[in-house]
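Take a look at the letters that make up each chain.
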Amino acid sequence: MIDDRQHIDAPLLSIRGLRGRVTDAPEEILRGVDLEIRRGEIHALMGPNGSGKSTLAKLLSGHPGYEATGGEVLFRGEPLLALDPDERARRGIFLAFQYPMEIPGVSIANFVRTAMNARRAAEDEIPVLDFYDDLQAQMATLQMEPTFAERFVNEGFSGGEKKRSEILQMALLKPELAVMDETDSGLDVDALRLVAEGVVALARERTSMAVLLITHYQRILNYITPDRVHVLVRGRIARSGGAELAMEIESRGYDFIREELAPAAV
Amino acid sequence: MPQDTTLAALNLDEYKFGFRDEDTYVYKSERGLSRRIVEQISSMKEEPEWMLKRRLKALDIYDAKPVPKWGGDLSTLDMDRIYFYVRPADRESRSWDDVPEDIKRTFDRLGIPEAERRSLSGVGAQYESEMVYHRIKDELSQKGVIFDSIEDGLRNHPDLFKRYFGTIVPASDNKYAALNAAVWSGGSFIYVPPGVEVEVPLQAYFRVNTENLGQFERTLIIADEGAKLHYIEGCTAPTYSTDSFHSGVIEIVVSRGANVRYTTIQNWSKNMYNLVTQRARVESEGRMAWTDGNLGSKLTMKYPSCFLVGPGASGEILSIAYAGPGQHQDAGGKMVHAAPHTTSEIISKSISKGSGRSTYRGLLKVHAGAVGSVSNVQCDALLLDEAARTDTYPYIEIEEQNASIGHEATVTKIGDEQLFYLMSRGIPQAEARTMIVRGFIEPIARELPLEYAVELNRLIEFEMEGSVG
Ligand SMILES: Nc1ncnc2c1ncn2[C@@H]1O[C@H](COP(=O)(O)OP(=O)(O)OP(=O)(O)O)[C@@H](O)[C@H]1O
Ligand SMILES: [Mg+2]
């Protein structure tokens, strides 16, 4: 275990000059990303379609289809990029997927319990009843039917149910850093508010979870006030600012940032 | 770390199923098959004349029939090297105290006393070719339920036996059914009287323990009108270097309104040829369900079947196969609709790894006049890597216009995206693979009694060990 208390001021995550691509495709998608996130901070990541937001999320969580071609990432002060995805998750990184996968025959309850126990020693597995109490409480908070726990992971879920199930997993696994890839798209207004409240509770109140929130829309930021907003354009962070930057993008689109960037980008 | 404990447990399992006892046989036949061997078997069993005649007739049929070419590769099976009869102890024992010590140790290691402690109702255990331990709880006998070794069935209930033996699977059915009819030894005989429901599963354990031992168990189950039972048979076998052979015949009579479930999980060693004929005849409103797990063996050819001969009869086959490197699982099922309003369902799931090959081979036949019949076939194959192979041979013969038939087949590879999803939650890769495979077989595992579902999962996990990478 890494003792973070000694460097309480060090960022939880620091990304320096990260370059990356899809393995086997020569073209770089990320072309030098710099970003620091501290405990309890919420950072929004915005940017046009295809600018590389999901690529960054996948590089951080260790997707085998992506590779870093330059730069480095430190998580809790340790190099991250050489680690397997399961090791990264056990160290505290959680990715809420833009498109969660179906796992037929595996119930949500079984899945989450296995994931929770993967973080514990074999002799210290979470007692089954404690787990179910925990699970049912979180499901109630997210206004999910109790029977949902026995459904197979993402199989036949509506778009909104998939997203809610990602948040349920996050709430139970209590990561240090949650990377949320468009969790807000596909949610109805009520679900959006529930999800946002859940994120805020984890970040601000309970566990000082840090959040990298990938989104296209201002509306989730009405509930979650970000500490920083970053705009990714063609694989680089073109602009960073406070919550007001998201408002500006909402009203003006990305063109004004692209234009600012144009001379430098060539 | 959790991974390490799992690994240790799995290695213990390997030991558990791989041990080998000293041979202590009272009688062991010479290798190969001859008229003399058949006569010897019959006389050792002190059988009536009619049974000897049937055995000899079956031997002629066996000799006359060619080796089938349509299924797996049987060219390396050398019949001259096989022992056709082995008897481990000089008599059948009824109480645990009578069972010889070394056989007891074998049972201990197979966990049979535990199964008994779980208050299973009747435990018939086959060691080699003969029943050595067999017991039924009193209340079952009081209800008129018979659960005997097949030999005792013939001895003690000759009329019932003669009336049904060989009527569901005649010796002429196929080459290996004929072979079994000639040299059968061991197996269960079960009769459940009209209206009697046996709530707890009846179980038998089988174990083959001699190199080149042929095991030819024969089971006959008769469920009288409105009767209900679940019979479970599990097999494990230690590993040997030369090829072994198992050829069983299971006959089941499902009378009007009766309900029979037959569950078997075979885990023969990887050099075993496993050719089994299992068939049920289902009368009106009767219901037959086969659950068939094939994990071990070099080659398995096994197609449980239901002949739905009475109106409203129904049949179900749940089949699960695992083909690891060097294995060929050629399995599936047969449904024959020979009466109106009969229904059937086949769900087949196969998993292949490395050079393993799994084949689904199914026959669905709807005879003219079987109006309103409904059948649904679903076969799903999961490939664990690029080298694994699967193929599907669904034969469908429909002579009746007024029938509804559904057939669906899928092939899936364990995908990187699925694995990544599980691993992104902290689940190690090996465990993630196992989860996906368990999920895949869940529709079948949920039909099994809990301890069998656990065992099935454990065996598959054990087989998958080392498939990571
Ligand atoms: N597997 C792949 N093969 C080839 N190109 C890919 C692959 N995955 C992503 N890309 C390309 O990489 C670029 C960045 O994609 P990415 O998914 O990171 O964008 P994004 O910012 O998340 O977009 P969106 O807002 O639409 O979700 C795109 O041009 C995309 O086409
Ligand atoms: Mg994206």
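In case you missed it, the structure is sitting above this.
Everything numeric here is computed off the predicted structure, so don't read it as measured data. What you see as residue numbers is a count from 1 along each chain, following the sequence as written. In the order they appear in the text, chains get letters beginning with A and ligands get numbers beginning with 1. At least 70 in pLDDT is required for a residue's local features to be given in this predicted model, at least 80 for side-chain atom pairs to be given and counted, and no such filter applies to totals for whole chains, interfaces and linings, which use all residues. Each side-chain value is worked out from all heavy atoms of the structure, with water and hydrogens disregarded.

Novice: Which parts of the structure should I look at to understand the overall build of chain B?
Specialist: By the criteria applied, helices consist of DSSP H or I runs no shorter than four residues and strands consist of E runs no shorter than two, each listed in order from the N terminus. Looking only at helices and strands, one finds 12 helices and 24 strands in chain B. Here chain B, with 469 residues, has 62% of them falling under the buried criterion. We call two residues contacting when some pair of their heavy atoms lies within 4.5 Å. Taking as baseline every contact in chain B between residues at least 6 positions apart, the subset at least 24 positions apart corresponds to 83%. Shrake-Rupley sampling with a 1.4 Å probe provides the accessible areas, and residues are treated as covered by the protein chains on show and by no other component. Accessible surface for chain B amounts to roughly 17,500 Å². Of this, 50% is attributable to carbon and sulfur atoms. Exposed residues in this analysis have more than 50% of their type's maximum accessible area, buried residues have under 20%, and partly exposed residues fall in between, with area computed by a 1.4 Å probe over protein chains only.

Novice: Sorry if this is basic, but what is going on with the coordination of the magnesium ion (ligand 2) here?
Specialist: Any two of four tetrahedral donors ideally make an angle of 109.5 degrees at the metal, while pairs among six octahedral donors ideally make 90 or 180 degrees. Only nitrogen, oxygen and sulfur atoms qualify as donors, provided they sit within 2.8 Å of the metal or within 3.2 Å for Na, K and Ca; with water excluded from the atoms, sites may seem incomplete. Looking at the magnesium ion (ligand 2), one finds its protein donor set to be S54(A) (OG) and Q98(A) (OE1), positioned 2.0 to 2.5 Å from the metal centre. Of the two residues, S54(A) sits in helix 1 (residues 53-61) while Q98(A) sits in the loop between strand 6 (93-96) and strand 7 (103-107), which places them 44 residues apart along the sequence.

Novice: What exactly am I supposed to notice about the sheet that holds strand 4 (residues 66-75) of chain A here?
Specialist: Backbone hydrogen bonds are what pair the strands of a sheet, in a parallel or an antiparallel way. All names here are of chain A. By definition, two strands form a pair when at least two bridges between them are found by DSSP. Reading across the sheet, the 4 strands line up as 2-1-4-5 and stay open at both edges, with antiparallel pairing between neighbours. Because the sheet does not close on itself, it has two edges, and the strands there are strand 2 (30-37) and strand 5 (78-79). As paired elements, strand 1 (residues 13-22) and strand 2 share 6 bridges and run antiparallel to each other. Paired with R19 across the two strands is R31, which belongs to strand 2.

Novice: Would you mind going over the interface of chain A and chain B with me for this structure?
Specialist: Reports often express the size of an interface as the amount of accessible area lost when the parts come together. Contact with chain A, which involves 33 residues of that partner, is made by 20 residues of chain B. Summed over both partners, the interface of chain A with chain B buries about 2,200 Å², with 69% contributed by carbon and sulfur atoms. Within this document, salt bridges are pairs made up of a side-chain nitrogen of Lys or Arg and a carboxyl oxygen of Asp or Glu, the two lying within 4 Å of each other. Our count for the contact surface shared by chain A and chain B stands at 1 salt bridge. For R425(B), the salt bridge goes to E166(A), with nearest N and O atoms at 2.7 Å. Within 3.5 Å is the distance limit for a polar contact, defined as a pair of N or O atoms, with the added protein rule that one can donate a hydrogen and the other accept it, and that residues adjacent in sequence qualify only through two side-chain atoms. Where chain A touches chain B, the interface holds 11 residue pairs in polar contact (both at pLDDT 80 or more). Among the secondary structure elements, those contributing two or more residues to the side of chain A that touches chain B are helix 2 (85-91), strand 6, strand 7, helix 3 (108-118), strand 8 (152-153) and helix 5 (159-173) of chain A. Among the elements that line the side of chain A that touches chain B, the one with the most residues is helix 3 of chain A, at 5 residues. By buried area we mean how much accessible surface two parts lose on assembly, using a 1.4 Å probe and totalling the loss over both.

Novice: Just checking my understanding: could you explain unusual backbone geometry for this structure?
Specialist: Generally, phi is negative for residues other than glycine and the peptide bonds are trans, each holding for most cases. Phi angles above zero are rare outside glycine, and Q143(A) is one such case at about 55°. Here Q143(A) lies in the loop between helix 4 (128-141) and strand 8.

Novice: Explain the pairing of strand 16 (residues 299-302) of chain B here, please?
Specialist: Regular strands place side chains that alternate from one sheet face to the opposite one. Residues and elements named next belong to chain B. Because side chains alternate across strand 16, one face comprises the buried residues L299 and M301, and the other comprises T300 and K302, equally buried. As judged from the 4 bridges shared by strand 14 (residues 272-282) and strand 16, these two strands associate in the parallel manner. Bridging from a neighbouring strand, Y273 pairs with L299 of strand 16.

Novice: Would you mind going over a nonpolar patch on the surface with me for this structure?
Specialist: Residues and elements named next belong to chain B. Exposure above 30% relative accessible area and no salt bridge define the residues that can form patches, which grow by joining like charges within 9 Å and nonpolar side chains of Val, Leu, Ile, Met, Phe, Trp and Tyr within 5 Å. A cluster of nonpolar residues, I396, I398 and I405, forms a patch on the protein surface that exposes about 210 Å² of accessible area. By secondary structure assignment, the location of I398 is in strand 23 (residues 389-398). Taking relative accessible area as the criterion, I398 reaches 36% and is therefore assigned partly exposed.

Novice: Where do I start with the environment of E217(B) in this structure?
Specialist: Residue and element names in this part refer to chain B. Position of E217 among the secondary structure elements: in the loop between strand 8 (214-215) and strand 9 (218-223). Sequence separation between E217 and V249 is 32 residues, and the spatial gap between their C-alpha atoms is 6.6 Å. Here H246 takes part through its side chain, which lies 2.6 Å from a polar atom of the side chain of E217.

Novice: I tried to follow the packing of aromatic side chains on my own but got confused; where do I start?
Specialist: Pairs of aromatic rings are described using the distance from one ring centre to the other and the angle between the two planes. Aromatic rings from Phe, Tyr and Trp, taking only the six-membered ring of Trp, are treated as a pair when their centres fall within 6.5 Å; an angle between ring planes under 30 degrees marks them as stacked, one over 60 as edge-to-face, and anything in between as tilted. A complete count under the given rule lists 14 aromatic pairs over all chains for this structure. Ring centres of W70(B) and Y303(B) lie 5.9 Å apart, and the angle between their planes is 50°; this geometry places the pair in the tilted category. With W70(B) in the loop between helix 3 (49-64) and strand 2 (86-87) and Y303(B) in the loop between strand 16 and strand 17 (305-308), the pair connects residues that are 233 residues apart, well separated along the chain. On the numbers, 4.9 Å between centres and 15° between planes, the contact of F161(B) with F165(B) is stacked. For the pair F161(B) and F165(B), a shared accessibility class is recorded, and that class is buried. One aromatic cluster is present, built from ring pairs that chain together F97(A), F111(A), F420(B) and Y421(B). A cation sits over an aromatic face here: R55(B) above W184(B), 4.3 Å from the ring centre. The criterion is that NZ of a Lys, or CZ of an Arg, lies within 6 Å of the ring centre and within 35 degrees of the ring normal, and then a charge sits over that ring.

Bear in mind that shape data such as this cannot, by itself, settle questions of function.
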